[in-house]
Amino acid sequence: MAKGVTRDGVVAAALAVLDEHGIEAVTVRAVAARLGVQAPALYYHVRNKQDLLDEMGTEINRRVVRALTGRPAGASWHDDLISYAHALRTEYLAHRDGARTFSGTLITDAEVLKAQEPWLRRWTAAGVSVAHAADATDLVTAFVVGFVIEEQERAQSDPARYAPDERDRRIGAGAPLVAESGHARQDGESRFERQLGVVIAGIAARLGPAAAPPRLRDRA
């Protein structure tokens, strides 16, 4: 191990390269250069770009876990998923190309994986099978990844490209509902909440009335 080079330092340097130049620029050589060392100095921690991405993704998931630590013991799977979705989106949005970079990476820290145990205990106690809990988490993760990829691609391009007034001009007269739908997509926060609600409601319907949180059962 090269003196002075730590895993945390490598990850921090890699995130800095990502934020400045995007995912294509993240390489072992670029991170080493940022740390002022040669690439072989990093090989104790990462052997290639995939290892580097895995360590970056693990750090993001570690932050998500910290954001969710201390949730009430009586929280429902519904509340768990909503909190998880918000924490994941926040961490992805904190970095350029965040969703594209961190999705699909291997979690290398066993403690991050073990942090799921209290959730699974709570969910199974409520009658949700482990398989359904895993499916629900995967569905919410996929939703957040897709939403943030689109969100970041738009944010990182020319703002005028997606301006609603310009879209209205292209559409012209005769399609007022199409025009209205474009304006409805402009508020990212409310759109995220609406669409997350649809995903959660779909999961609740799949799990059935017995596992539904009280406020969803009351609507049935």
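Residues numbered from 1 in each chain as written. Predicted model: local features only at pLDDT ≥ 70, side-chain atom pairs only at ≥ 80, totals over all residues. Heavy atoms only, no water.

Participant: Quick question: what am I supposed to make of the UniProt feature "domain: HTH tetR-type" (unreviewed entry) in the chain here?
Facilitator: With numbering aligned to this structure, UniProt lists the feature "domain: HTH tetR-type" (unreviewed entry) at residues 4-64. Secondary structure over residues 4-64 splits into 64% helix and 0% strand, and the C-alpha atoms at its two ends are 27 Å apart. (UniProt positions renumbered as here; feature names shortened; annotations may be inferred. Helix = DSSP H or I, 4+ residues; strand = E, 2+ residues; numbered from the N terminus.)

Participant: Sorry, what's going on with the pattern of salt bridges here?
Facilitator: For side chains of opposite charge, pairing can occur when their charged atoms come near one another. For the structure shown, the criterion picks out 18 salt bridges. A salt bridge links R100 to E153; the shortest N-O distance between them is 3.6 Å. Residue R100 is found in helix α5 (residues 98-102), and its partner E153 is found in helix α8 (residues 130-155); the two are separated by 53 residues along the sequence. On the accessibility criterion, R100 (37% relative accessible area) is partly exposed. The partly exposed category is assigned to E153, whose relative accessible area is 36%. The salt bridge partner of E166 is R169, with a shortest N-O separation of 2.5 Å. With E166 and R169 both in helix α9 (residues 164-171) and 3 residues apart, this pair spans about one turn of that helix. Owing to a relative accessible area of 57%, R169 belongs among the exposed residues under this scheme. Connected through shared salt-bridge partners, R7, D8, E55, E59, R62, R63, R66 and D109 make up one network. (Salt bridge = Lys/Arg side-chain N within 4 Å of Asp/Glu carboxyl O. Buried < 20%, exposed > 50% of the residue type's maximum accessible area, 1.4 Å probe, protein only.)

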